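Residues per chain are reported as follows:
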Amino acid sequence: TGVQTCALPIYNKGGLYIPMRRRNCSEGIRRILLGSALVTGVVLMLVLSKRDARWEVCSTAAPETRIRACTAIIESGYEPADGLSRAFSNRGAAFRRQGDLAHALDDYDQAVHLSSTNSRALHNRAVLYGEQQRYDLALADLDRAIALDPEYANARSEEHTSELQSLRHLVC
């Protein structure tokens, strides 16, 4: 009658292979593919929800917790360069809050290296340079941050505008 039959592998709960004959091979394959797609979708949703939770902690938590969450994101291998840049910048901010300026600077440098348009990383690094009295570097980063994102509130705040003017005075 032209209906193709095929043996499809079916596994029971014990993991034993039980071949099963189907009258319509394409229907059996379609069911297997649909089941696989559903399982993949569920796994993907779980991974993404865990990823979103990590990003929330990496962006807002207390320094020690933030460092762990950002490190997990960095080491996950799933983030594109822009996402990694953001995670490094956030982790750098947490290190800076803890007073670990060497690790903070390393992370800010990595963030800027991964995305030269990350105005927050540039701003954060500029503030750190200012604290280290490396005013020429601070001024360069602040100027770049403002040029990239003139609306970025931290870089344009009154406090940082006066810092920028002070830095220009010291450098010039």
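Residues numbered from 1 in each chain as written. Predicted model: local features only at pLDDT ≥ 70, side-chain atom pairs only at ≥ 80, totals over all residues. Heavy atoms only, no water.

Quick look at the overall build of the protein
Note the threshold: Secondary structure is summarised from DSSP: a helix means a run of H or I of at least four residues, a strand means a run of E of at least two, and numbering begins at the N terminus for each. Working rule for contacts: check all heavy atoms of both residues, and any pair within 4.5 Å makes them a contact. Shrake-Rupley sampling with a 1.4 Å probe provides the accessible areas, and residues are treated as covered by the protein chains on show and by no other component.
When helices and strands are counted, the protein shows eight helices and two strands. Helices (α) and strands (β) of the protein occur, in sequence order from the N terminus, as β-β-α-α-α-α-α-α-α-α. Considering only contacts in the protein between residues 6 or more positions apart, those separated by 24 or more positions represent 41%. For the protein, the accessible surface area stands at approximately 11,000 Å², while carbon and sulfur atoms represent 56% of it.

Quick notes on helix α5 (residues 119-131)
Here is the rule: Any helix carries an expected span of 1.5 Å times its number of residues minus one. Working definition: with a 1.4 Å probe on protein chains only, accessible area under 20% of the residue-type maximum means buried, over 50% means exposed, and in between means partly exposed. Any pair of N or O atoms that falls within 3.5 Å is considered a polar contact. Within protein, one atom must be able to donate a hydrogen and the other to accept it, and sequence-neighbouring residues count only if both atoms are side-chain atoms.
For α5, which comprises 13 residues, the first-to-last C-alpha distance of 18 Å matches the rise-based estimate of 18 Å (1.5 Å per residue) to within 8%. Taken across its 13 residues, α5 has 10 buried, putting it largely inside the fold. Buried within α5 we find S119, A121, L122, H123, N124, R125, A126, V127, L128 and Y129. Between the side-chain oxygen of the N-cap and the backbone nitrogen of R120 there are 3.2 Å, and the N-cap of α5 in question is N118. Q133 sits one or two residues past α5 and shows a positive phi near 60°.

Quick notes on the confidence of the model for the protein
As a reminder of what qualifies: pLDDT expresses, on a scale from 0 to 100, how confident the predictor is about each individual residue.
When pLDDT is averaged across the protein, the result is 79; 60% of the residues are at 70 or more. Taken element by element, the protein is modelled with least confidence in strand β2 (residues 17-22), mean pLDDT 53, and with most confidence in helix α4 (residues 101-114), mean pLDDT 97.

Quick word on the state of the cysteines
One covalent bond between the sulfur atoms of two cysteine residues makes up a disulfide. Note the threshold: To count as a disulfide, a pair of cysteine sulfur atoms needs to be within 2.5 Å.
A full pass over the atoms with the stated rule returns one disulfide. Linked covalently through their sulfurs, C58 and C70 form a disulfide whose S-S length is 2.0 Å. Here C58 and C70 share a disulfide; its torsion about the S-S bond, 105°, makes the bridge right-handed. Pair noted here: C58 is in helix α1 (residues 25-60) and C70 is in helix α2 (residues 63-76), with a separation of 12 residues, a long-range link.

Things to note about the environment of I74
Structurally, the position occupied by I74 is in helix α2. For I74, a relative accessible area of 17% gives the class buried. Along the chain, I74 and S85 lie 11 residues apart, while their C-alpha atoms are 9.0 Å from each other. Excluding its chain neighbours within four sequence positions, the residues that come into contact with I74 are L84, A87, F88 and R91.

Details of the packing of α2 against helix α3 (residues 81-97)
What describes two packed helices is the angle between their axes and the distance between those same axes. What counts is decided by this rule: Only the stretch in contact is used when a helix axis is fitted, and all axes are lines through C-alpha atoms; the angle between N-to-C directions ranges over 0 to 180 degrees. Note that the term roughly parallel is reserved for angles under 35 degrees, roughly antiparallel for angles over 145, roughly perpendicular for angles of 65 to 115, and oblique for everything else. By the definition used in this description, the sense in which the near helix is turned from the far one sets the handedness, with an anticlockwise turn below a right angle giving left-handed and a clockwise turn giving right-handed.
In the contact formed by α2 and α3, the axes pass within 9 Å of each other and the chain directions differ by 155°. Taken together, the axes of α2 and α3 lie roughly antiparallel to each other. In this structure, the crossing between α2 and α3 has a hand that is left-handed. For the pair α2 and α3, contact is made by P63, R66, I67, C70, T71, I73 and I74 and by L84, A87, F88, N90, R91, A93, A94, F95 and R97, respectively.

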